[in-house]
Amino acid sequence: MNGLPFAKWEGLGNDFVIVDARPGLEGDPATLARAMCAPHFGIGADGLVLLRGNGQGLAMEIFNRDGSLASTCGNALRCLALYARREGLSQGSEVSFQTPSGLRLARFVSDEVEVDMGPPQGLSPAGLAAEPVPVEVSDGEGWGVSMGNPHLVVFVDRPVALSERGAYLQQHGPLGEVNVEFTRVLSPTHLAVQVYERGAGATLACGSGACAALAAAVASGRAERAARVDLPGGSLQVTWAETMWMRGPARELFRGIWRPDP
């Protein structure tokens, strides 16, 4: 392979390598993700996003930094939507992608992107439920939420050390391997969230995690159905109507050619 064109994008500091894989992709995507996303020795990113396509439209695959396949990612969807528009794949005000968690619609709103993340469900040790459900954690109040991917939302009064508590709950909490969101309720319309993700560790933002945090805050009577969600990398506007809408920025950082070692 002479080289693989890529684009580096970020949404609130949640950064991705985007590859147009519609012409085909040589090699194993999981191996490619580990190499391209590696800090220092690669491009460096939280995940590898593959743009796929067939006769029925566009599709998104995302692999975490460790090579594991993710079912959805809100920040990656915003990045991919703007990438698709820049490549001339969307001429109107919206674009949709098939993902492992279902069809996801992205709408262009001024210079931001609003994504339909689907309705939240509950997640317990017994499986999925219709609504977010409380789950027991050792020091705090936990809620299980599925946004097509699993989340454990833990309400806290102050920022936490993600390298300690986040890493433990991500693998050894009551719901198994999940994304963990430590959530502070600043007001009924304002949340602050720290995220520890499966396959990536502590990240600056997580779109599905912001949606999960709002869903748990609403279900527990802490918040209204529309709120600003602050993450270390910036803010998202999240609204829970029949489905969960998440709006925020995304931008391209640079483009290049990936040439692996011979």
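Residues numbered from 1 in each chain as written. Predicted model: local features only at pLDDT ≥ 70, side-chain atom pairs only at ≥ 80, totals over all residues. Heavy atoms only, no water.

Participant: What am I meant to see in the overall build of the protein here?
Facilitator: Counting its regular elements, the protein contains 4 helices and 20 strands. A compact globule built from 262 residues would reach a C-alpha radius of gyration of about 18 Å, and the protein, at 18 Å, matches this within 12%. Expressed as a percentage of the 262 residues in the protein, the buried residues total 54%. Of the contacts made within the protein by residues no fewer than 6 positions apart, 59% connect residues no fewer than 24 positions apart. Accessible area of the protein: about 11,300 Å², with a carbon and sulfur share of 48%. For the protein, the distance from the average position of its 21 positive side-chain charges to the average position of its 28 negative side-chain charges is 4 Å. (Helix = DSSP H or I, 4+ residues; strand = E, 2+ residues; numbered from the N terminus. Rg over C-alpha atoms; globule rule 2.2 N^0.38 Å. Buried < 20%, exposed > 50% of the residue type's maximum accessible area, 1.4 Å probe, protein only. Contact = heavy atoms within 4.5 Å. Areas by Shrake-Rupley, 256 points an atom, 1.4 Å probe, with all protein chains shown as cover. Lys, Arg positive; Asp, Glu negative; His and termini not counted. Charge placed at Lys NZ, Arg CZ, Asp CG, Glu CD.)

Participant: For this particular structure, what's the right way to read empty space enclosed by the protein?
Facilitator: It is the rolling of a water-molecule-sized probe over the atoms that shows where space remains empty. Within the structure shown, the criterion is met by 1 cavity of 30 Å³ or more. Of the voids in this model, the largest cavity is the one considered here, and its volume is about 140 Å³. Looking at the lining of the largest cavity, the elements that each hand over two or more residues are β2 (14–20) and β4 (57–64). Among the residues forming the lining of the largest cavity, the class breakdown is 6 nonpolar, 7 polar and 3 charged. (1 Å grid on protein atoms, 1.4 Å probe; cavity = no way out; pocket = protein on both sides within 12 Å on 5 of 7 lines; lining within 4 Å. Points joined across faces, edges and corners; volume = space filled by probe spheres on them. Nonpolar A, V, L, I, M, F, W, Y, C, P; charged D, E, K, R; others polar.)

Participant: Explain unusual backbone geometry to me, please; I cannot follow it from the model alone.
Facilitator: Comment: phi is negative for the bulk of residues other than glycine, and the bulk of peptide bonds are trans. Even without being a glycine, Leu12 presents a positive backbone phi close to 60°. With respect to the helices and strands, Leu12 occurs in the loop between β1 (4–11) and β2. Phi at Ser110 takes a positive value of approximately 55°, unusual for a residue other than glycine. Note on placement: Ser110 falls in the loop between β7 (102–109) and β8 (112–116).

Participant: Honestly, the pairing of strand β15 (residues 190–197) in this entry has me stumped. Any pointers?
Facilitator: Regular strands have side chains that alternate between both faces of the sheet. Burial analysis of β15 places 7 of its 8 residues in the buried class, the great majority of the element. Sheet topology note: the strand β14 (residues 179–187)/β15 ladder contains 7 bridges and is antiparallel. Paired with Arg184 across the strands is Ala192, a residue of β15. For β15 and strand β17 (residues 226–231), the ladder comprises 3 bridges, and the chain directions are parallel. Along β17, the bridge assignment pairs Leu191 with Val229. (Pairing = 2+ DSSP bridges.)

Participant: What am I meant to see in the side chain of Asn149 here?
Facilitator: Tracing the sequence through the fold places Asn149 in the loop between β12 (140–146) and β13 (150–155). Exposure remark for Asn149: the relative accessible area of 5% places this residue in the buried category. Here the side chain of Asn149 touches Ser208 through a polar contact of 3.2 Å, side chain to side chain. Those residues in contact with Asn149 that lie beyond four places of it in its chain are Ser71, Thr72, Asn179, Arg198 and Ser208. (Polar contact = N/O pair within 3.5 Å; in protein donor to acceptor, adjacent residues only side chain to side chain.)

Participant: Just checking my understanding: could you explain the pattern of salt bridges for this structure?
Facilitator: Pairs can form between side chains of opposite charge whenever their charged atoms are close. For the structure shown, the criterion picks out 12 salt bridges. The partner of Glu10 in a salt bridge is Arg251, with the nearest N and O atoms 2.5 Å apart. Placement of the pair is Glu10 in strand β1 and Arg251 in strand β20 (residues 251–258), with a sequence separation of 241 residues. With a closest N to O distance of 3.1 Å, Arg52 and Glu61 form a salt bridge. In the salt-bridge network here, residues are joined through shared partners; they are Arg86, Glu87, Glu252 and Arg255. (Salt bridge = Lys/Arg side-chain N within 4 Å of Asp/Glu carboxyl O.)

Participant: How do you make sense of the side chain of Glu10 when you look at a structure like this?
Facilitator: Using a relative accessible area of 13% as the deciding quantity, one classes Glu10 as buried. At 2.7 Å, the side chain of Glu10 and the backbone nitrogen of Gly13 are in polar contact. Only 2.5 Å separates the side chain of Glu10 from the side chain of Arg251, close enough to count as a polar contact. Apart from residues no more than four positions distant in its own chain, Glu10 is found in contact with Asp15, Cys79, Ala250, Arg251 and Leu253.

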